[in-house]
Amino acid sequence: MGSTTSGPARTVYRGDVGYDEARRATMWNANVPDRYPGRIVQATCVADVMAAVRKAKASDESVSVRSGGHSWSGNHVRDGGVLIDLSRLTSFSIDKATMSATVEPGLGGSVLLAALMREGLFFPVGHCRGVGLGGYLLQGGFGWNGRAYGPACASVMAIDYVDADGELRHASDTENSDMLWAARGSGPGFFGVVVKFHLRLYARPRFIGTAAVQYSVDRLEDVVRWMGEIGPDVPSEVELQFVVSRNPSFPPRLRKYNRTSPVRIEIAAPVMTSSRSAAKAALSFLESRPRGSRRRLPLLPVPLSAAFGAVMQHYPNSTNWTTDNLWTHAGPDELLSHVQRIADTLPPPPAHFLWLNWAPTHTLGDMAYSVEDRTYLALYGGWSDPRDATSTPAWARDNVAAMESLSTGIQFADDPGRPARGISLAAQARLDALRATQDPQGRFHRWIGEA
Ligand SMILES: Cc1cc2nc3c(=O)[nH]c(=O)nc-3n(C[C@H](O)[C@H](O)[C@H](O)COP(=O)(O)OP(=O)(O)OC[C@H]3O[C@@H](n4cnc5c(N)ncnc54)[C@H](O)[C@@H]3O)c2cc1C
């Protein structure tokens, strides 16, 4: 299904007419860094990727890789060397009999999920349209119903990749298994170009729905205390979260927001189960929610397109973004003053703050992905008005810096591009040792945030 056009790759060199347009087009974030690759190879097939890496090797150049271009930090936009753009590699195939799929890295997760759902199948792709499976699967992958399946990288069974010599290789549990280990979670620190992922699929949950409750910001303390208390007991098929923003997702008229719109807290509880009654039971904890809500959305079945739409309204295109984040197991007493400050200083929309109840119930296998915790906090500093160009990034950065002592690490998903721990120290040591054997010349860039 789908098709990847094959043909000679277009290469755009620095200095060419259209170079800067091509460079900017590799990023979804309008906040494009002042870094300039020597050339951009727009690959259309695996042979293009092999040729690009071989050429880089022959001329001793560095390589960076881009699939869907949703890295917030622009990790792939580096000075000099070659940037391999895989966004045209979008083919995929689904095998219902073996509950497996193969996907190319430029494919959007939402496109894959729509095709799977038509077949009665499911995969925990990310919550936004446009996110490429390449970067998403490598960094961990926190997708729809992700608490039930664990990080999406745990469902990557094998990869095909182009190594530092430009050779096409396969990695599975029985072949080049260390590279599969690395591909499951090293994210922007992976040293190779993944050209195909082999995925384990799941049965489509029979009921997909959501419930939501909205509060004024003066109820923040009650919400934080309730989330902290209830979080660990929330069933794994519920992605309980709250967002503090000026642009809540319901009712639709509130989507017409501006910089003086009131700050709202929106608790959302997407749920995927075998039946509506099972969903109702899974959401019974909502009965204990703080009183005094402004509005409530009772449990409703939701087509996934509407669910994507509700999330996407927080992430408008052509917006500048600076993000920062932390995992934490701190409780409400420790977090409350920080969350209060985040809300009190919330920049104009679409900047927003997310509290996600991850509360893992899965056991982590042996993979590079190794840092997660009970609660995930992310600050999405989005701005389009030049007046906010300094204060909004500072809001994201400074508030996370103030919580440093409560942080147990970060998600590469919301890559802040600063020194931080995205995988455990043991996993980092193993990754570094593997890199030394697989990419001894350091052809592939390390993660941009590595100190
Ligand atoms: C609006 C928005 C919503 C998001 N929602 C979610 C979400 O719900 N859940 C979640 O988990 N994450 C989410 N993310 C984060 C997203 O998953 C990561 O930024 C991810 O890296 C994006 O993948 P990509 O291929 O689009 O990005 P890219 O920018 O193309 O890739 C990111 C990095 O991954 C590496 N890489 C990418 N492809 C390859 C490859 N084929 N081979 C080797 N290395 C490669 C490169 O180092 C690259 O710099 C979201 C991001 C945005 C901007």
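Scoring rules and cut-offs
Residues numbered from 1 in each chain as written. Predicted model: local features only at pLDDT ≥ 70, side-chain atom pairs only at ≥ 80, totals over all residues. Heavy atoms only, no water. Helix = DSSP H or I, 4+ residues; strand = E, 2+ residues; numbered from the N terminus. Polar contact = N/O pair within 3.5 Å; in protein donor to acceptor, adjacent residues only side chain to side chain. Domains from an automatic or database assignment. Contact = heavy atoms within 4.5 Å. Buried area = accessible area lost by both parts, 1.4 Å probe. Salt bridge = Lys/Arg side-chain N within 4 Å of Asp/Glu carboxyl O. Nonpolar A, V, L, I, M, F, W, Y, C, P; charged D, E, K, R; others polar. Phe/Tyr/Trp six-rings, centres within 6.5 Å; stacked < 30°, edge-to-face > 60°. Buried < 20%, exposed > 50% of the residue type's maximum accessible area, 1.4 Å probe, protein only. Axes fitted to C-alpha atoms, helices over the stretch in contact; angles between N-to-C directions. Parallel < 35°, antiparallel > 145°, perpendicular 65-115°, else oblique. Near = heavy atom within 4 Å. Pairing = 2+ DSSP bridges. Core = buried A, V, L, I, M, F, W, Y, C linked by side-chain atoms within 4.5 Å. Expected span 1.5 Å × (residues − 1).

**Q** Describe the environment of D385, and please don't skip the residues or the numbers.
**A** With respect to the helices and strands, D385 occurs in the loop between strand 18 (375-383) and helix 11 (391-402). At a separation of 2.6 Å, a polar atom in the side chain of D385 contacts the side chain of R387.

**Q** How would you summarise the domain arrangement of the chain if you had to cite specific residues and measurements?
**A** Taken as a whole, the chain is organised into domain 1 (92-204) and domain 2 (207-406). At the interface, 27 residues of domain 1 touch 28 residues of domain 2. Between domain 1 and domain 2, roughly 2300 Å² of surface is buried when both sides are summed, and carbon and sulfur atoms account for 69% of that area. Ranking the residues of domain 1 by area buried against domain 2 places R129, W144 and R147 at the top, with a combined share of 38%. At the junction of domain 1 with domain 2, the criterion picks out 0 salt bridges. Summed over the shared surface of domain 1 and domain 2, the number is 14 residue pairs in polar contact (both at pLDDT 80 or more). For the side of domain 1 that touches domain 2, the secondary structure elements donating two or more residues are helix 3 (109-118), helix 5 (146-149) and helix 6 (177-183). Split into classes, the residues belonging to the side of domain 1 that touches domain 2 amount to 13 nonpolar, 11 polar and 3 charged.

**Q** Tell me what's going on with the packing of aromatic side chains, and back it up with residues and numbers.
**A** Going through the model one piece at a time under the given rule, you end up with 20 aromatic pairs. Judged by centre distance (5.5 Å) and plane angle (25°), the ring pair of F242 and W355 falls under stacked. Of this pair, F242 sits in strand 13 (residues 241-245) while W355 sits in strand 17 (residues 352-357), placing them 113 residues apart in sequence. Judged on exposure class, the residue F242 and its partner W355 are both buried. Ring geometry for W327 against Y376: centres 5.1 Å apart, planes inclined by 55°, an arrangement best described as tilted. Residue W327 is found in strand 16 (residues 320-328), and its partner Y376 is found in strand 18; the two are separated by 49 residues along the sequence.

**Q** Any details on the packing of helix 10 (residues 332-344) against helix 11? Residues and values, ideally.
**A** The packing of two helices is summarised by the inter-axis angle and the distance between the axes. Contact pair helix 10 / helix 11: the axes reach a minimum separation of 10 Å and the direction vectors enclose 170°. Judged by the inter-axis angle, helix 10 sits roughly antiparallel to helix 11. Along its contact with helix 10, which presents H338, R341 and I342, the element helix 11 presents W395, N399 and A402. Residues belonging to the contact of helix 10 with helix 11 are distributed by class as follows: 3 nonpolar, 2 polar and 1 charged.

**Q** Residue-level account of the site of the ligand, with values.
**A** Around the ligand sit 31 residues in total, of which S67, G69, N75, H127 and F142 are the nearest. One nitrogen or oxygen atom from the main chain of G68 is found 2.9 Å from an oxygen atom belonging to the ligand. H76 places a polar main-chain atom, nitrogen or oxygen, 3.5 Å from an oxygen atom of the ligand. Counting residues per element, the ones that place at least two in the shell around the ligand are strand 3 (63-66), helix 4 (133-139) and strand 10 (193-200). At 5 residues, helix 4 tops the list of elements feeding residues into the shell around the ligand. Residue composition of the shell around the ligand, grouped by class: 15 nonpolar, 15 polar and 1 charged.

**Q** How would you explain the sheet that holds strand 13 if you had to name every residue and give the values?
**A** Within the open sheet, the 7 strands sit side by side as 15-12-14-13-17-18-16. Their pairing is antiparallel. Looking at which strands have only one partner, the edges of the open sheet turn out to be strand 15 (295-301) and strand 16. Adjacent strand axes in the sheet meet at a mean angle of 15°, parallel and antiparallel pairs treated alike. When strand 16 meets strand 18, the two strands line up antiparallel, connected through 9 bridges. Bridge pairing links N320 to W383 in strand 18. Of the strands in this sheet, strand 12 (207-216), strand 13, strand 14 (264-273) and strand 17 are in contact with helix 7 (residues 220-230), which crosses strand 13 at around 160°.

**Q** Break down the nonpolar core for me, citing the residues and quoting the values.
**A** Formed by 68 residues in total, the largest nonpolar core has its most connected members in I84, L112, L137, I159, V193 and F197. The residue makeup of this core includes at least three contributed by each of domain 1 (92-204) and domain 2 (207-406). Apart from the residues lying within four places of it in its own chain, the contact partners of V193 are V49, V53, V65, I84, L86, D160, Y161, V162 and F444. M227, L326, W395 and V400 belong to the second largest nonpolar core, which has 44 residues in total.

**Q** Break down helix 11 for me, with residues and values.
**A** Here helix 11 spans 16 Å end to end across 12 residues, near enough to the 16 Å set by a 1.5 Å rise per residue. The inward-facing, buried residues of helix 11 contact strand 16, helix 10, strand 17 and strand 18.

**Q** Describe the sheet that holds strand 8 (residues 156-162), listing the residues and the values that go with them.
**A** In a beta sheet, neighbouring strands are held together by backbone hydrogen bonds and run either parallel or antiparallel to one another. One open sheet holds the 5 strands; their spatial order is 5-6-10-8-9, and the pairing between them is antiparallel. A strand with exactly one partner marks an edge of an open sheet, and here the two such strands are strand 5 (92-95) and strand 9 (168-171). Strand after strand, the sheet turns through a mean of 15° between neighbouring axes, direction not considered. The sheet contact formed by strand 5 and strand 6 (residues 100-103) spans 4 bridges and is antiparallel. Its bridge partner being in strand 6, F92 is matched across the sheet by V103.

**Q** So what's going on with helix 10? Which residues, and what values?
**A** The end-to-end C-alpha distance of helix 10, which contains 13 residues, comes to 17 Å, matching closely the 18 Å that a straight helix rising 1.5 Å per residue would cover. All buried positions along helix 10 are accounted for by P332, L335, L336, H338, V339, I342 and A343. Turning to helix 10, the residues buried within the fold contact helix 7, strand 13, strand 16, strand 17, strand 18 and helix 11.

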